[in-house]
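A structural walkthrough
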Amino acid sequence: MAGTYSGNYEVTSNATYGPATSTTLNGNLYVNSDATLKNLVVNGTVYVNPGQNGTVTLNNVAATNIVVLSGATNSIHLNNVTAGNLTVKNDNSVRIESNSGTAITNTIVQSGATLDANGGSFGTIELTPTSSAPIELRGNLAGSAITVTKSNVVLKVAAGATVGTLNIEAAATGTTVDNAGTINEVMANTDNVVIEGNQPETVTPGENVELAVSVGSETELKSALEKNYAVINLKNGFEVISPILVSKKVTINGEGNIITRSNSFKEIVQGNGLPKINSVIVVSQNGAIINNLVVDSNGKEETGWQGLYALQVYNAKDVQLNKVLLKNGDGGLIVNGSTVKATDISTSGNEYGGIEVSKGAEAGLSNSALTITGESSHEDAEGKPAIWVYPGQGTLSSDLYEVTATEQGNANNQTYYNLRTSLSVYDFEIGEFSSVVAGTPVEVPVTLKATAVNKLGYESVIAEVSTTKKPADSSVKFYALDSNNTPILQTDNGVWGPNAGFLLPKDHNATTPFNVTFSKSGNYTITVKLKDKVTNKYIAEKTVNVTAE
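A few points on the structure. If you're wondering where the values come from, they're calculated on a predicted model, not measured in any experiment.

Next up on the list: empty space enclosed by the protein. Enumeration over the complete set of coordinates arrives at one cavity of 30 Å³ or more. What the largest cavity holds in volume is close to 40 Å³. Here the lining of the largest cavity is composed, by residue class, of three nonpolar, three polar and one charged.

Right under this line is the structure:
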């Protein structure tokens, strides 16, 4: 019935209430059933509480406040409704639909809910839930300023939905935004925020705030790299059809996933005499960090030099690579004009070796510096180095590696490094000196063999023989034939092998008979050492004590 009424009223029946023309109620209205209310002006609060599976429809209703206490996932329909405040604090995830003609000034969501702007407005929206139930946004909310004020909020933006500004306050740490729609701008004032799915058009972090985003495709990763994210997390692996350019200071957490170069990969041609960009990932920003990532160049079928690397660091300082695996290119990593610290780095399946350290061709680049710590592994093409360094263009700092060759490569000027554990281990075996009589030669077999066969031998070694103890005015003469049957005679001390050294295969095992003559009776000490000519370090040593009668 039309008119004006005062007091509080309750609706308990499943029916339609309201006159054909407007009725005014000065008081509160409690809707505790599946009901439809129409043509009402409520100078007070409308409490909507139809129960967990209930439905309420408001048609042509104006109220000071509306409070939704319960309802189903498709339950509260607002048609041509105006209200100063809409508060949602139900125990279940209710859906509230704001249809044409609806204008809410302020909406406060204190629980899980779905806000569906289907032609109507929710006004300014504050998300301050007291439970962990997700909040979902649907429809066109471009005109609403949305603020998250509580921690650990899970916010979903549905496909097709549009959000204007999303403001995440400092207290809203742990907020997760799963965006399948469009967000114009995210303003975040706390670090621990993760944005998944589609990237906002603009990301604005507060002062000293580091934002994180989760990505699952090449498009998402490239979009995230254009925004102000401090951390990018990969939620799965994916293929890329063009280079990933990391030109901002960012931490990329691979989470063990694989970025793979597609068979349809297109390099970037720069022009102006600059080299093409053919690496899967190129880092060109100081302080960038990549963690726990596998990059597959997918180049096993492409034989011959292509200039293909899984990762290139170009003209950047203080770049960190932690637990990365770079595989199946010409090389795994190339460091150009950069300083890089790598921990637990691995390469495999690369045609020409693991890592190149050089300066790069562009003018103005500095020498490179690569530091490697932790546990490294290299399973690249047989006989290829773990690391190759161009002289005068860069340095390697690591206790894990040692020089295995110099003057190598296509220009014969590179230094090759391999893991110490990748080199075979060798030892001498010296036969017994039995019944030794002064002045009479005694034949003794001397064997040099690999006691632990690994991936590599040595490019150039020599054997040194020395008499470290002997009687006064005595001498020891050593006589043997080398591998070319050339006689070698030495007294007391000598070198076995040519000046340039000899090649020592990884599985070397050879015995040479020596005739040894002690000039006087007494006690003698003889030491045999194997020396790497490249590093001037000793790699095997054996000492024997002999008594001549």
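Let us now look at the sheet that holds strand β48 (residues 509–518). The antiparallel open sheet is built from five strands, whose spatial order is β41-β42-β48-β44-β45. In the strand order of this sheet, the two ends are held by β41 (425–430) and β45 (487–491), each with one partner. If you compare each strand with its neighbour and ignore which way they point, the axes differ by 25° on average. For strand β44 (residues 476–481) and β48, the ladder comprises four bridges, and the chain directions are antiparallel.

Following the criterion strictly, the structure yields seven aromatic pairs and no others. On the numbers, 4.9 Å between centres and 5° between planes, the contact of Y30 with Y47 is stacked. In this pair, Y30 is assigned in strand β5 (residues 29–31) and Y47 in strand β6 (residues 35–48), connecting sequence segments 17 residues apart. When its relative accessible area of 30% is taken as the criterion, Y30 is described as partly exposed. In this structure Y47 comes out as partly exposed when scored by relative accessible area, which is 24%. Ring centres 5.3 Å apart and planes at 55° place the aromatic pair W496 and F514 in the tilted group. Taken together, the residues span a long stretch of sequence, with W496 in strand β46 (residues 494–496) and F514 in strand β48 at a distance of 18 residues. Like F514, W496 is buried. Among the aromatic residues, ring-to-ring pairing joins W305, Y309 and Y352 into one connected group.

Turning to the nonpolar core, a few remarks are in order. With 102 residues, the main nonpolar core has I66, I96, L166, I232, I281 and I387 as its most contacted residues. Residues contacting I96, with those up to four places away along its chain left out, are V68, I76, L78, L86, V88, T114, L115, D116 and F122. The next biggest cluster of nonpolar side chains, apart from the first, holds 31 residues, and it includes V442, V446, Y458 and Y524.

Another point: the pairing of strand β40 (residues 414–419). Counting buried positions along β40 gives six out of six residues, so the element sits mostly inside the fold. Taken together, the five bridges between strand β39 (residues 401–408) and β40 define a ladder with antiparallel strand orientation. From the neighbouring strand, A405 faces β40, where its bridge partner is Y416.

We now examine the environment of N228. Relative to the helices and strands, N228 resides in the loop between α1 (218–225) and β22 (231–234). For the pair N228 and N286, spaced 58 residues apart in sequence, the C-alpha separation works out to 15 Å. The residues contacting N228, other than those within four sequence positions of it, are V203, P205, L211 and K248. Within the structure, the side chain of N228 is placed 2.9 Å from the backbone oxygen of V203, a separation counted as a polar contact.

The next subject is the sheet that holds strand β34 (residues 355–358). The eight strands lie next to each other as β24-β27-β29-β31-β34-β37-β40-β39, forming an open sheet whose pairing is mixed. The strands lining the two open edges of the sheet, one partner per strand, are β24 (244–246) and β39. Pairs of neighbouring strands in the sheet enclose a mean axial angle of 15°, with direction left out of account. Of the pairings in the sheet, the one linking strand β31 (residues 331–336) to β34 comprises four bridges and is parallel in character. Counted as the bridge partner of V335 is V357 from β34.

Our focus in this paragraph is unusual backbone geometry. One non-glycine residue, N80, lies in the positive phi region at around 55°. Within the element layout of this structure, N80 appears in the loop between β8 (76–79) and β9 (82–88). The backbone of N536 sits at a positive phi, close to 60°, despite the residue not being glycine. With respect to the element layout, N536 can be found in the loop between β49 (522–532) and β50 (537–548). What makes N536 exposed here is its relative accessible area of 51%.

It is worth spelling out the environment of V240 at this point. Turning to its location among the elements, V240 is positioned in strand β23 (residues 238–240). For V240, a relative accessible area of 0% gives the class buried. Sequence spacing of V240 and A405 is 165 residues, and the spatial spacing of their C-alpha atoms is 36 Å. Apart from residues lying up to four places away in sequence, V240 is in contact with E218, I259, T260, R261, S262, F265 and V280.

Position of K327 among the secondary structure elements: in strand β30 (residues 319–327). An unpaired buried charge is present at K327: no salt bridge exists, and D296, the closest side chain of opposite charge, is 4.3 Å distant. Aside from chain neighbours lying at most four places away, what touches K327 is V294, V295, D296, S297, N298, A310, S348 and N350.

Residues Y479, L481 and L489 make up a contiguous nonpolar surface patch of roughly 290 Å² in combined accessible area. Note on placement: Y479 falls in strand β44. Overall, Y479 belongs to the partly exposed group, its relative accessible area being 35%.

It is worth spelling out the side chain of S297 at this point. Examined against the element boundaries, S297 turns out to sit in the loop between β28 (289–296) and β29 (309–314). Contacts of S297, omitting those with residues within four sequence positions, involve R261, V280, L308, Y309, A310, K327, N328 and G329.

Under the counting rule described, the total for this entry stands at 10 salt bridges. Taking the shortest distance from any N to any O, the salt bridge between K506 and E382 comes out at 3.6 Å. In this pair, K506 is assigned in the loop between β47 (502–504) and β48 and E382 in the loop between β36 (377–379) and β37 (387–389), connecting sequence segments 124 residues apart. Its relative accessible area of 30% is what places K506 among the partly exposed residues.

Before going further, it helps to examine the environment of F514. Of the residues examined, F514 reaches a relative accessible area of 11% and is grouped as buried. When the C-alpha positions of F514 and G431 are compared, they lie 9.9 Å apart, and in sequence the two are 83 residues distant.

Criteria and cut-off values
- Residues numbered from 1 in each chain as written.
- Predicted model: local features only at pLDDT ≥ 70, side-chain atom pairs only at ≥ 80, totals over all residues.
- Heavy atoms only, no water.
- 1 Å grid on protein atoms, 1.4 Å probe; cavity = no way out; pocket = protein on both sides within 12 Å on 5 of 7 lines; lining within 4 Å.
- Points joined across faces, edges and corners; volume = space filled by probe spheres on them.
- Nonpolar A, V, L, I, M, F, W, Y, C, P; charged D, E, K, R; others polar.
- Pairing = 2+ DSSP bridges.
- Helix = DSSP H or I, 4+ residues; strand = E, 2+ residues; numbered from the N terminus.
- Axes fitted to C-alpha atoms, helices over the stretch in contact; angles between N-to-C directions.
- Phe/Tyr/Trp six-rings, centres within 6.5 Å; stacked < 30°, edge-to-face > 60°.
- Buried < 20%, exposed > 50% of the residue type's maximum accessible area, 1.4 Å probe, protein only.
- Core = buried A, V, L, I, M, F, W, Y, C linked by side-chain atoms within 4.5 Å.
- Contact = heavy atoms within 4.5 Å.
- Polar contact = N/O pair within 3.5 Å; in protein donor to acceptor, adjacent residues only side chain to side chain.
- Lys, Arg positive; Asp, Glu negative; His and termini not counted.
- Salt bridge = Lys/Arg side-chain N within 4 Å of Asp/Glu carboxyl O.
- Patch = residues over 30% accessible without salt bridge, like charges linked within 9 Å, V, L, I, M, F, W, Y side chains within 5 Å.
- Areas by Shrake-Rupley, 256 points an atom, 1.4 Å probe, with all protein chains shown as cover.

Any functional reading would require information that these geometric values do not contain.
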